[in-house]
Amino acid sequence: MTLAVTAGHLAADATAVTAAETQGFLSPTGVEIAFLLVGLVTFGAAIVTVTTRQLVHAALWLVVALGGLAVEYLLLTAEFIAWVQVLIYVGSVVVLLLFGLMLTKAPIGRSPDADSGNRWAALTVAVAAAGALVWVVVDAFRTTWIDLDGPAAGSTAVTGASLFQNWVLPFEALSVLLLAALVGAIVLSRKAKADATPAADEKEGAR
């Protein structure tokens, strides 16, 4: 009887260990709680990004928001997309924004003219865009189910094929847009420098 009970306990322990290994680092409930907490932090960082009047702080809060999205991808077991988020957005787009701020000689402190006064219009557009995006995604994937027991569908080969076959045009359009933003920052900085030079010459002449 004792041997049977001991064998039963060992079998239960082995089943628990196997279940823990299958679930991963966190239980399904733990993943949901972590996903919710990280989502709240990401949402708060996004709100601060668009409401702060310090441009450099806005760029740094944008890093927090984009990093939070990367963590959300990790919690969804989309590791490749998470690292793409870190490398492309956090490592490239934010650096491009900081270069744009430096080239245009943006003020480091608070900028009273950073707020155009169109907050309600911007909020309306943001809510409408978010609603349209949610509706499109839900409508597109309403009947799509992921087989968790099947082969991995988010491998590098599958993602690369989808990106460079179905999404190559938006990808290239975004690249051109970022390049245009960088060129525009350079043009604005050179124009500001050219406008400052005659004023300096007039001061020297007055002396």
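All of these numbers come straight from a predicted model, not from anything done at the bench.

The helix and strand inventory of the protein chain stands at seven helices and zero strands. For the protein chain, the sequential pattern of α-helices and β-strands runs α-α-α-α-α-α-α. Only carbon and sulfur atoms are counted for the fraction: they give 72% of the accessible area of the protein chain, which is about 16,000 Å².

Further remarks concern the side chain of T49. Mapped onto the elements, T49 comes out in helix α2 (residues 28-51). Residue class for T49 comes out buried when judged on its relative accessible area of 16%. Here the side chain of T49 touches L62 through a polar contact of 3.4 Å, landing on its backbone nitrogen. Those residues in contact with T49 that sit more than four places away from it in its chain are A58, W61 and L62.

Looking at the element boundaries, G67 is found in helix α3 (residues 55-75). With a relative accessible area of 24%, G67 lands in the partly exposed category.

Their axes nearest at 8 Å, the elements α3 and helix α4 (residues 79-103) cross at an angle of 175°. Taken together, α3 and α4 sit at an angle that is classed as roughly antiparallel. Contact with α3, carried on its side by L55, V56, A59, L62, V63, L66, G67, L69, A70, Y73 and L74, involves E79, I81, A82, Q85, V86, Y89, V90, V94, L97, L98 and L101 of α4 and no other residues of that element. The class makeup of the residues in the contact of α3 with α4 is 19 nonpolar, two polar and one charged.

The next point concerns the environment of L178. Structurally, L178 can be placed in helix α7 (residues 168-206). Distance from L178 to L96, taken between C-alpha atoms, is 8.1 Å for residues 82 residues apart in sequence. Setting aside its immediate chain neighbours within four residues, L178 contacts V93 and L96.

Below, the discussion takes up the confidence of the model for the protein chain. For the protein chain, per-residue confidence averages 74 on the pLDDT scale, and residues scoring 70 or more make up 67% of the total. This model gives residues 16-23 a pLDDT under 50, and the stretch forms one contact once residues within four places in sequence are excluded.

Attention now goes to a nonpolar patch on the surface. The grouping of F80, I81, V84, L87, I88, Y89, L174 and L177 at the surface amounts to a nonpolar patch, some 680 Å² of accessible area in total. Sort the elements by how many residues they give to the nonpolar patch and α4 lands first, with six residues. Turning to its location among the elements, Y89 is positioned in helix α4. Accessibility expressed as a relative area gives 34% for Y89, which makes it partly exposed.

About the criteria used
- Residues numbered from 1 in each chain as written.
- Predicted model: local features only at pLDDT ≥ 70, side-chain atom pairs only at ≥ 80, totals over all residues.
- Heavy atoms only, no water.
- Helix = DSSP H or I, 4+ residues; strand = E, 2+ residues; numbered from the N terminus.
- Areas by Shrake-Rupley, 256 points an atom, 1.4 Å probe, with all protein chains shown as cover.
- Buried < 20%, exposed > 50% of the residue type's maximum accessible area, 1.4 Å probe, protein only.
- Polar contact = N/O pair within 3.5 Å; in protein donor to acceptor, adjacent residues only side chain to side chain.
- Contact = heavy atoms within 4.5 Å.
- Axes fitted to C-alpha atoms, helices over the stretch in contact; angles between N-to-C directions.
- Parallel < 35°, antiparallel > 145°, perpendicular 65-115°, else oblique.
- Nonpolar A, V, L, I, M, F, W, Y, C, P; charged D, E, K, R; others polar.
- pLDDT = per-residue confidence, 0-100.
- Patch = residues over 30% accessible without salt bridge, like charges linked within 9 Å, V, L, I, M, F, W, Y side chains within 5 Å.
- Salt bridge = Lys/Arg side-chain N within 4 Å of Asp/Glu carboxyl O.

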